[in-house]
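# Coordinate inspection notes
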Amino acid sequence: MWQKEQVIKELRRRGKKITAQRSLLIDVILAGDCQSCKEIYYEAVQKDKSIGLATVYRMVHMMEEIGVSQAGQCKNCMQGVSFVRRGEVIDQGHEDIYNEIKQILQKNGYIDQQDFTVTIVID
């Protein structure tokens, strides 16, 4: 079981800066209560509204690289559409919109078959 100090030490060894957001995400991931990147995001955004879903994906990826096992559960959650207003997720899911965006991106050569996440910010 990884301890926060070990994770921070290893990330720093790899040249990563430990920001307040990264520190918070380490806490959420190590707590192990969240099973997906989206769950990690929803937990973290309750404590820091400035954290974005992309930040969560990057942090999970970093933790997977160093071998933190709790982070390896995000392989199947890298898709969907979230609507966000001033840091608050107001709606999520929308498989139909997601599939339409994916088709457009594939048709225009931006992606192959990989999944991704779309966040629409409403101001």
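The structure this text deals with has already been given above.
An account of the accompanying structure is given in this report. (Residues numbered from 1 in each chain as written. Predicted model: local features only at pLDDT ≥ 70, side-chain atom pairs only at ≥ 80, totals over all residues. Heavy atoms only, no water.)

Bringing the nonpolar core into the picture now. If you look at the biggest cluster of nonpolar residues, it comprises 26 residues, and the most contacted ones within it are Val7, Leu11, Ile26, Ile40, Val56, Met59 and Met63. Going through the elements one at a time, α1 (4-13), α2 (20-31), α3 (37-47) and α4 (53-66) are the ones with two or more residues in this core. Top element by residues in this core is α4. It accounts for eight residues. Among all residues touching isoleucine 40, those that are not within four sequence positions of it are Leu25, Val28, Ile29, Cys34, Val56 and Val60. (Core = buried A, V, L, I, M, F, W, Y, C linked by side-chain atoms within 4.5 Å. Buried < 20%, exposed > 50% of the residue type's maximum accessible area, 1.4 Å probe, protein only. Helix = DSSP H or I, 4+ residues; strand = E, 2+ residues; numbered from the N terminus. Contact = heavy atoms within 4.5 Å.)

The topology assignment puts isoleucine 26 in helix α2. By relative accessible area, which is 0% here, isoleucine 26 ends up buried. Taking the C-alpha atoms as reference points, isoleucine 26 and methionine 63, 37 residues apart in sequence, are found 8.4 Å from one another. With residues up to four places along the chain from it excluded, the contact list for isoleucine 26 reads Lys4, Val7, Ile8, Leu11, Met59 and Met63.

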